[in-house]
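Structural characterization, general
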Amino acid sequence: MVGSNGIVADNPKFLKQAIEKLNQLQRQLARRTKGSNRWQKTKQRINKLHGKISRQRLDFAHKTSRQITNENDILVFEDLNVKAMQKFNGSMVADNVMGLITQLSKYKAELEGKLYHEIGRFEKSTGICSECGQRHVLTLNDRRFTCTACGAYQSRDLAAAKSIASTGELDIIAAGIVARVTPASQQKQSVKTKAFELSKLDFGSEKKDAA
Ligand SMILES: [Zn+2]
């Protein structure tokens, strides 16, 4: 997982090792005679490992979503069309830890009164230059690319994350949920952090107006 602010989270090493071991056991199971004692033994080891992996995966997803929610007030996620992605690269997304991180981030954000927003499933995010918005057709192997319009050399995943962030930003501004602001503390600085405030027309004031 790559975030527009530079956060990167990869499956931890122990989880990768456990998944490798699981694949090995599954190959072993395929070689054994179905229902035999040795088959049963391997099957048991696989079941046990499955449990361990799902616990490790949940733990990793909790830690990652905790970090994302602590560090940000507005979270924008891409609604991953996991099934379509699996067609391209089965092993990479089959375990769908990303879906788990998304769900848990949404849960934590809502619990803490933060904003969670998902951009459309078919909104294209890959191959858009993060500097000028030029679109490119990339293959799965193009991990980095040079923009054909402005020449910016960039990471495919980071550029996609920035594109998702700006689509989300436009969505929630258009919906009147937040407004872009420049806090007094930042007005004289050259380096500005993006800041938003919740729109004044929140549910409370709407109710008051109606009354
Ligand atoms: Zn560009």
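Source: prediction; values computed, not measured. (Residues numbered from 1 in each chain as written. Predicted model: local features only at pLDDT ≥ 70, side-chain atom pairs only at ≥ 80, totals over all residues. Heavy atoms only, no water.)

1. A closer look at the overall build of the chain
- Helices and strands together make up the secondary structure of the chain, namely seven helices and six strands.
- Start at the N end of the chain and walk to the C end: the helices and strands fall as α-α-β-α-α-α-β-β-β-α-β-β-α.
- Each of the 211 residues in the chain was classed as buried or not, and the buried ones make up 31%.
- Taking the intrachain contacts of the chain between residues at least 6 apart in sequence as the baseline, contacts between residues at least 24 apart amount to 55%.
- When the accessible surface of the chain is summed, it comes to about 14,300 Å², and 52% of that surface belongs to carbon and sulfur atoms. (Helix = DSSP H or I, 4+ residues; strand = E, 2+ residues; numbered from the N terminus. Buried < 20%, exposed > 50% of the residue type's maximum accessible area, 1.4 Å probe, protein only. Contact = heavy atoms within 4.5 Å. Areas by Shrake-Rupley, 256 points an atom, 1.4 Å probe, with all protein chains shown as cover.)

2. Examining helix α5 (residues 97–111)
- A rise of 1.5 Å per residue sets the reference length of α5, with its 15 residues, at 21 Å; its end C-alpha atoms lie 21 Å apart and thus fit the reference within 8%.
- For α5, the set of buried residues is V97, G99, I101, T102, L104, S105, K108 and A109.
- Those residues of α5 that are buried are in contact with α2 (37–71), β1 (74–78) and β2 (115–119).
- Of the residues flanking the end of α5, it is G113, one or two places downstream, whose phi is positive at about 70°. (Expected span 1.5 Å × (residues − 1).)

3. A few points about the pairing of β1
- Here β1 shows one buried face, formed by L75 and F77, and one open face, formed by I74, V76 and E78.
- Alignment of β1 against β2, held across five bridges, turns out to be parallel. Within β2, the position partnered with I74 by the bridge is L115. (Pairing = 2+ DSSP bridges.)

4. Digging into the coordination of the zinc ion
- Bound to the zinc ion on the protein side are C129 (SG), C132 (SG), C147 (SG) and C150 (SG), at distances that span 2.3 Å.
- Coordination geometry of the zinc ion: the four donor atoms subtend angles of 105 to 115° at the metal centre, consistent with an arrangement described as tetrahedral.
- When the donors of the zinc ion are listed by position in the chain, the intervening gaps give C-x2-C-x14-C-x2-C. Placement of the pair is C132 in the loop between β2 and β3 (144–146) and C150 in the loop between β3 and β4 (153–155), with a sequence separation of 18 residues. (Donors = N, O, S within 2.8 Å, 3.2 Å for Na, K, Ca; no water. Tetrahedral: all angles 85-135°; square planar, octahedral: opposite > 155°, others 65-115°.)

5. Describing the nonpolar core
- I7, A9, F60, A61, I68, L75, F77, V97, I101, L104, A109 and Y116 together form the largest nonpolar core, which totals 12 residues.
- The greatest single-element share of this core, amounting to four residues, is contributed by α5.
- Non-local contacts of I7, meaning those with residues more than four positions away in its chain, are made with M1, V2, Q67, I68 and E71.
- In terms of nonpolar packing, the next biggest core, distinct from the first, is built from nine residues, L22, I46, L49 and I53 among them. (Core = buried A, V, L, I, M, F, W, Y, C linked by side-chain atoms within 4.5 Å.)

6. Re the side chain of S65
- Examined against the element boundaries, S65 turns out to sit in helix α2.
- A distance of 3.1 Å separates a polar side-chain atom of S65 from the backbone oxygen of H62.
- Beyond its immediate chain neighbours, meaning those up to four positions away, S65 contacts I101, L104, S105 and K108. (Polar contact = N/O pair within 3.5 Å; in protein donor to acceptor, adjacent residues only side chain to side chain.)

7. Things to note about the packing of helix α1 (residues 13–31) against α2
- Running from N to C, α1 and α2 point in directions that differ by 160°, and their axes come no closer than 10 Å. In terms of orientation, α1 and α2 fall into the roughly antiparallel class. Read as a crossing pair, α1 and α2 show a hand that is left-handed. Between α1 and α2, the contacting residues are F14, L15, A18, I19, K21, L22, L25, Q26, Q28 and L29 on the first element and W39, T42, K43, R45, I46, L49, H50, I53, Q56 and R57 on the second.
- In terms of residue class, the contact of α1 with α2 is made up of 11 nonpolar, five polar and four charged. (Axes fitted to C-alpha atoms, helices over the stretch in contact; angles between N-to-C directions. Parallel < 35°, antiparallel > 145°, perpendicular 65-115°, else oblique. Left-handed = near helix turned anticlockwise from the far one by under 90°. Nonpolar A, V, L, I, M, F, W, Y, C, P; charged D, E, K, R; others polar.)

8. Considering the environment of L25
- Note on placement: L25 falls in helix α1.
- Between the C-alpha atoms of L25 and I46, which are 21 residues apart in sequence, the distance is 6.6 Å.
- Excluding its chain neighbours within four sequence positions, the residues that come into contact with L25 are T42, R45, I46 and L49.

9. Details of helix α6 (residues 156–174)
- Taking 1.5 Å as the rise per residue, α6 with 19 residues should run 27 Å; its terminal C-alpha atoms sit 27 Å apart, in good agreement.
- Of the residues making up α6, those classed as buried are R156, A159, A160, A161, S163, I164, T167, G168, E169 and I172.
- On the buried face of α6, the contacting elements are β1, β2, β3, β4, β5 (178–181) and β6 (195–198).
- A distance of 3.3 Å separates the backbone nitrogen of D157 from a side-chain oxygen at the start of α6, and that oxygen is part of S155.
- At the C-terminal side of α6, G176 shows a positive phi close to 75°.

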